[in-house]
Amino acid sequence: MSLNHIRPWRNIYRRESRRIMVGNVPVGGDAPISVQTMTNTATTDIPGTIAQVQAAAEAGADIVRISVPDQDSSRALKEIVRESPVPIVADIHFHYKRGIEAAEAGAACLRINPGNIGDEARVREVIKAARDHNCSIRIGVNAGSLEKHLLEKYGEPTPDAMVESGLEHIKILQDNDFHEFKISCKASDVFMAAAAYQQLAEATDAPIHLGITEAGGLTSGTIKSAIGLGQLLWMGIGDTIRVSLSADPVEEVKVGYEILKSLGLRHRGVNIISCPSCARQGFDVIKTVEALEKRLEHIKTPMSLSIIGCVVNGPGEALMTDVGFTGGGAGNGMVYLAGKASHKMSNDKMVDHIVEEVEKKAAEIEAQQEAAEAAE
Ligand code: SF4
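Residue positions within a chain follow its written sequence, with the count starting from 1. For a predicted model such as this one, the threshold for reporting local features is a pLDDT of at least 70, and the threshold for listing and counting side-chain atom pairs is 80 or more; totals across whole chains, interfaces and linings nevertheless cover every residue. Excluding hydrogens and water, the side-chain figures rest on all heavy atoms present in the structure.

Per an unreviewed UniProt entry, the protein goes by the name Flavodoxin-dependent (E)-4-hydroxy-3-methylbut-2-enyl-diphosphate synthase and belongs to Lutimaribacter degradans.

As structure tokens, this is what we get:
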């Protein structure tokens, strides 16, 4: 929930959903919107996959999904789960045995469509394995793999067809008295995904996993995801998100967080506000921001930093940030702390100095939080 009583135009009222658990991560209800990604190593490459999971977790991923296409992958999954700092979702398609093996291997959630794994007995076996191993399920409807009878009924993938598919899978789980599930209905077409998700949000109280599938490369996929996921999140729809990019999973996590940060739905690390720069800039804004983004990657405490080229916008932006720097004349700029002009600093020492100020501020915020928690 993002409620701001002073600035009500920023409020987002989240759809009320049931809460389920994916391992130790709550999804739905009033739980923070979690960020997911997926590994792209061969699952049988155990060290490579563990390294990717750890890198994603370090970047902030709350949950990581791993494909389990064969029995060797199920075996590998067990070791990967043991080493993973975050809950693992096993991605299963069609083969019910992989679902059972993944639950036994310690997966926190199975991404499986119960209507696609065969007869009722097989579905029951998978659900039993999930229940026995505290494993939740994600129904993952995808416009590109809709059931034949729905394609015949609707003629082509449509939002109605996707929602109907989702509800059919939901019914199978509910008929088996299984309620620890969430659902997604992804499409690579932003219009179709947005329409389907809106209908789905009305039709069920299950937590919703948002994603625009096959969104594209880093730049185009980021934009497509920001438009698709952004509007749905803004409407209050979505309990967990995955940005799908043809890029490193760490990039997916970063983009996911940036979307949530932009909407004030979740904060992590330093939110840098910077101007595009122009002839008025008192220092090289672009190079400075690039350097600071790298140097401040280790900060996880939510805070804000403004890096502005000149006094046109610098003092105004600094007013609303924890730390600020505004370019001035003669190779110097002004450092702002908590919105107030504090001291001058030369441009050549500025990056090191800002890193120090941000680290100091982060430590201060953390100490305040610890004191508040201790007082509770
Ligand atoms: S803040 Fe100053 S340097 Fe930055 S874009 Fe605006 S006028 Fe140019």
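Moving on from the model shown.
Topic: a negative patch on the surface
Patch membership needs two things, relative accessible area over 30% and no salt bridge, and members are linked within 9 Å if like-charged or within 5 Å if nonpolar (Val, Leu, Ile, Met, Phe, Trp, Tyr). Residue exposure ignores everything except the shown protein chains as possible cover, and the areas themselves are Shrake-Rupley values with a 1.4 Å probe. Any carboxyl oxygen of Asp or Glu that lies within 4 Å of a side-chain nitrogen of Lys or Arg is treated as forming a salt bridge with it. By the counting scheme adopted, Arg and Lys are positive, Glu and Asp are negative, and His together with the chain ends is not counted. Charge positions come from single atoms, namely NZ of Lys, CZ of Arg, CG of Asp or CD of Glu. Taken together, the side chains of Glu366, Glu370, Glu373 and Glu376 define an acidic patch exposed on the protein surface. Counting from the N terminus, the helices are DSSP H or I runs at least four residues long and the strands are E runs at least two residues long. Along the chain, the position of Glu366 falls in helix α12 (residues 350-375). Judged by relative accessible area, which is 36%, Glu366 ranks as partly exposed. Burial classes follow relative accessibility: with a 1.4 Å probe on protein chains only, a residue under 20% of its type's maximum area counts as buried, one over 50% as exposed, and anything between as partly exposed.

Side note on the packing of aromatic side chains
Aromatic rings from Phe, Tyr and Trp, taking only the six-membered ring of Trp, are treated as a pair when their centres fall within 6.5 Å; an angle between ring planes under 30 degrees marks them as stacked, one over 60 as edge-to-face, and anything in between as tilted. Tallied over the entire structure, the rule returns 1 aromatic pair. Relative to Phe325, the ring of Phe283 has its centre 5.2 Å away and its plane inclined at 75°; by these criteria the two rings are edge-to-face. Placement of the pair is Phe283 in the loop between β11 (270-274) and α10 (285-295) and Phe325 in strand β13 (residues 323-327), with a sequence separation of 42 residues. With respect to class, Phe283 is no different from Phe325; both count as buried.

Examining helix α7 (residues 190-203)
Here α7 spans 20 Å end to end across 14 residues, near enough to the 20 Å set by a 1.5 Å rise per residue. Residues of α7 that are buried: Val190, Met192, Ala193, Ala194, Ala196, Tyr197, Leu200 and Ala201. Polar contact is defined as a pair of N or O atoms within 3.5 Å, subject to the rule that within protein one atom must be able to donate a hydrogen and the other to accept it, and that residues adjacent in sequence are counted only when both atoms are side-chain atoms. Of the residues that open α7, the one with a side-chain oxygen 3.0 Å from the backbone nitrogen of Phe191 is Asp189. A helix is expected to span 1.5 Å for every residue after the first.

What to know about the sheet that holds strand β3 (residues 34-38)
A pair of strands is considered paired only if DSSP assigns at least 2 bridges between the two. Taken together, the 8 strands give an open sheet; going across it, the order is β8-β7-β6-β5-β4-β3-β10-β9, and neighbouring strands pair in parallel fashion. Edge strands, defined here as strands with exactly one partner in the open sheet, are β8 (181-186) and β9 (209-210). With 3 bridges connecting them, strand β5 (residues 88-91) and strand β6 (residues 109-111) associate as parallel partners. Along β6, the bridge assignment pairs Val89 with Cys109.

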